[in-house]
Amino acid sequence: MYLEIICRCFDKAAIITDDEMDKSDMENKGPRIVSSPWRLCTVTQVEEVKWLCHMIPIWICTIFYTTAYTQVFSLFVIQGAAMDTHLGSFNVPPASLYAVDCVTVVVCIMAYNKWLMPLARQWTGRPEGLSGLQRIGLGMPIIVLAMLEAGFVEMVRLRKRGTGGNISILWQVPQFMTTGISETFTYIGQMQFFYDQAPDAMRSIGSTLTPASTALGNYLNILLVRVISRLTGNPGWIPNSGSIDMGHLDYFFFTIAILTLINFGFFCLISTGYKYIERHEISPSLPAMS
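I will try to describe carefully the structure that is included in this document. (Residues numbered from 1 in each chain as written. Predicted model: local features only at pLDDT ≥ 70, side-chain atom pairs only at ≥ 80, totals over all residues. Heavy atoms only, no water.)

1. Some thoughts on the environment of leucine 224
Here leucine 224 shows up in helix H8 (residues 203-232). Taking relative accessible area as the criterion, leucine 224 reaches 16% and is therefore assigned buried. Spatially, the C-alpha atoms of leucine 224 and isoleucine 256 are 9.4 Å apart, while their sequence positions differ by 32 residues. Aside from chain neighbours lying at most four places away, what touches leucine 224 is Thr67, Phe252, Ile256 and Leu259. (Helix = DSSP H or I, 4+ residues; strand = E, 2+ residues; numbered from the N terminus. Buried < 20%, exposed > 50% of the residue type's maximum accessible area, 1.4 Å probe, protein only. Contact = heavy atoms within 4.5 Å.)

Here is the structure:
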């Protein structure tokens, strides 16, 4: 509702007022528009901006998704470094488990194209199978599951450390696989949705919305870590120095899972009211009148 009210304000950009009219030669040729294109827009240009604004709430939801996904490159690695990284005589670098995520993405993309897409076409009637919003909506709750897995693994690790033992780094494999499955749906869905729904004149802006949400999600993650560190004190959930055995990464992972689940609920609320706009509904902008 509020977005509709805001979008109506853009209509004023296409209204011709007396300030834009030159009536000096009105008897011979009639009034002439002399306004700058920065002051007067075509109706199509206004509709394109309104079209783009309708995607902003969806884009905001994808920002916090990235905040959860960022844990793959940060706290997942810190968690893995505190585990037993030895497989016989081989030492597994904690950051190398990201390869599990990458392999999972490749396998899931092939599986989607081979089996899931034909089934989705029968269900949705769309040539691409699932729409961009549907793919985003599938990936968001899966990242919640990945955060829960990471939290439970951390609980087991802390309990084992309390008895003087440790667990293998292979315990992290399921959470990396789950994250890869989520990434397959959400990130590809984002690129599909923002590019497909962006007006022709704003395709470049639409293609930048996904990396923009990724960048902002990383900054939001930094802010979230600092806020939780300040609220939980020292050592707190995420110790600033020393071993993470003194903290509670499991609490942090569970908090991320809860916040991501709330974000998913907001996404469902927004996406159910989103109306897909076909490209033929907006014709190309006419040249400025002179």
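Moving on from the coordinates now.
2. What to know about the pattern of salt bridges
Inspection of the entire model under this criterion finds 3 salt bridges. Each of Glu154, Arg157, Arg161 and Asp245 takes part in salt bridges that share partners, so that together they form one network. (Salt bridge = Lys/Arg side-chain N within 4 Å of Asp/Glu carboxyl O.)

3. Some points on the side chain of threonine 260
Here threonine 260 shows up in helix H9 (residues 249-272). Looking at threonine 260, the relative accessible area reads 1%, which means it is buried.

4. Concerning the packing of aromatic side chains
Scanning all chains against the criterion turns up 12 aromatic pairs. Look at phenylalanine 76 and phenylalanine 176: their rings are 5.3 Å apart centre to centre, the planes differ by 75°, and that puts the pair in the edge-to-face class. Of this pair, phenylalanine 76 sits in helix H4 (residues 75-81) while phenylalanine 176 sits in helix H7 (residues 173-197), and the two are 100 residues apart along the sequence. For phenylalanine 76, a relative accessible area of 0% translates into the label buried. Seen in terms of ring centroids, phenylalanine 193 and phenylalanine 194 are 5.3 Å apart; in terms of plane orientation they differ by 65°. Their pairing is edge-to-face. Judged by relative accessible area, which is 1%, phenylalanine 193 ranks as buried. Within the aromatic cluster, the residues linked to one another by ring pairs are Tyr65, Tyr69, Phe73, Tyr98 and Tyr187. Arginine 135 extends its terminal NZ or CZ atom over the ring of tyrosine 112, reaching a point 4.2 Å from the ring centre. (Phe/Tyr/Trp six-rings, centres within 6.5 Å; stacked < 30°, edge-to-face > 60°. Lys NZ or Arg CZ within 6 Å of the ring centre and 35° of its normal.)

5. Observations concerning the nonpolar core
Met55, Phe193, Phe252, Phe253 and Phe267 are the most contacted members of the largest nonpolar core, which totals 48 residues. When residues of this core are traced back to their parent elements, those giving at least two are helix H2 (43-53), helix H3 (56-69), H4, helix H6 (132-162), H7, H8 and H9. Residues in contact with phenylalanine 193, not counting those within four places in the same chain, are Met55, Ile58, Gly132, Leu133, Ile136, Tyr274 and Tyr276. Counting 5 residues, the second largest nonpolar core, distinct from the first, contains Tyr112, Ala120, Leu130 and Phe185. (Core = buried A, V, L, I, M, F, W, Y, C linked by side-chain atoms within 4.5 Å.)

6. Some points on the packing of H3 against H7
Where H3 contacts H7, the axes come no closer than 12 Å and their chain directions differ by 155°. By the criterion of interaxial angle, the relationship of H3 to H7 is roughly antiparallel. Handedness of the H3/H7 crossing: left-handed. The segment H3 lies against H7, with Ile58, Trp59, Thr62, Tyr65, Thr66 and Tyr69 engaging Thr179, Ser182, Glu183, Thr186, Tyr187, Gln190, Phe193 and Phe194. Here the residues of the contact of H3 with H7 sort into 7 nonpolar, 6 polar and 1 charged. (Axes fitted to C-alpha atoms, helices over the stretch in contact; angles between N-to-C directions. Parallel < 35°, antiparallel > 145°, perpendicular 65-115°, else oblique. Left-handed = near helix turned anticlockwise from the far one by under 90°. Nonpolar A, V, L, I, M, F, W, Y, C, P; charged D, E, K, R; others polar.)

7. Brief notes about H7
Owing to its 3.6 residues per turn, the α-helix aligns residues three or four sequence positions apart on the same side. Compared with an ideal rise of 1.5 Å per residue, which puts 25 residues at 36 Å, H7 spans 36 Å between its outermost C-alpha atoms and is within 8% of the ideal. Largest kink in H7: about 30°, centred on glutamate 183. (Expected span 1.5 Å × (residues − 1). Bend = angle between axes of the 7 residues up to and from the residue.)

8. Focus: the side chain of asparagine 263
Checked against the element boundaries, asparagine 263 lands in helix H9. Those residues in contact with asparagine 263 that lie beyond four places of it in its chain are Cys61, Phe64, Tyr65 and Met140.

9. Notes on a nonpolar patch on the surface
A surface patch of nonpolar side chains, about 370 Å² in accessible area, is lined by Val103, Val106, Val107 and Met110. Tracing the sequence through the fold places valine 103 in helix H5 (residues 98-124). Taking the relative accessible area as the measure of exposure, valine 103 reaches 52% and is therefore exposed. (Patch = residues over 30% accessible without salt bridge, like charges linked within 9 Å, V, L, I, M, F, W, Y side chains within 5 Å. Areas by Shrake-Rupley, 256 points an atom, 1.4 Å probe, with all protein chains shown as cover.)

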